[in-house]
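This is what each chain is made of:
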Amino acid sequence: NDVQGRVQAVEASLPPAGTFDIVVANILADVILGMKAELFEATKPGGALIASGIIDMRANDVQTGLAGIGYTDIEKQTEGEWVALV
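Keep in mind that this is a model prediction, so the values were computed, not measured. (Residues numbered from 1 in each chain as written. Predicted model: local features only at pLDDT ≥ 70, side-chain atom pairs only at ≥ 80, totals over all residues. Heavy atoms only, no water.)

**Student:** Help me out: how do you make sense of the packing of aromatic side chains in this one?
**Tutor:** The description of an aromatic ring pair uses the distance of the two centres, along with the angle that the planes make with each other. With the rule as written, the count across this model stands at one aromatic pair. Judged by centre distance (5.1 Å) and plane angle (90°), the ring pair of phenylalanine 40 and tyrosine 71 falls under edge-to-face. Here phenylalanine 40, found in helix H2 (residues 36-42), pairs with tyrosine 71, found in the loop between helix H3 (59-68) and strand S3 (76-79); they are 31 residues apart in sequence, far enough to count as distant. (Phe/Tyr/Trp six-rings, centres within 6.5 Å; stacked < 30°, edge-to-face > 60°. Helix = DSSP H or I, 4+ residues; strand = E, 2+ residues; numbered from the N terminus.)

**Student:** Could you clarify how one ought to interpret the sheet that holds strand S1 (residues 20-26) in this entry?
**Tutor:** Strand-to-strand pairing in sheets goes through backbone hydrogen bonds, with the strands running parallel or antiparallel. Within the open sheet, the four strands sit side by side as S1-S2-S4-S3. Their pairing is mixed. A single partner strand is all that each edge strand has here, and the edge strands are S1 and S3. Adjacent strand axes in the sheet meet at a mean angle of 15° when their direction is disregarded. Note that S1 and strand S2 (residues 43-55) share six bridges and pair parallel. (Pairing = 2+ DSSP bridges. Axes fitted to C-alpha atoms, helices over the stretch in contact; angles between N-to-C directions.)

Structure, rendered in C-alpha cells:
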C-alpha cells in the first residue's frame, strides 16, 4: 500500500515501550481487560485502540472497562458473534 517508512507494525505479547497512533489488540476479552492500563499507556492522546477478538457476550464488559480508564467515543463493530471496539 505504499506506506513504507510511514507505518511500523510491531508484534508483541505486551505493548512495546513508547506511544503509538494506533494500538491493535486481537485477543480474548479477559486478556484485554487484564492489560487495559498498558494498552491505554501505549495509545497516544488522540490515537486509537482497536480491541478485537471479543465474543459478543463479553463486549459490554470490555467496553465498560476501557471507558473506565479513559478511552472515549468507543465504536462497536460486529461480525457474527465477534466484536471489535475502536
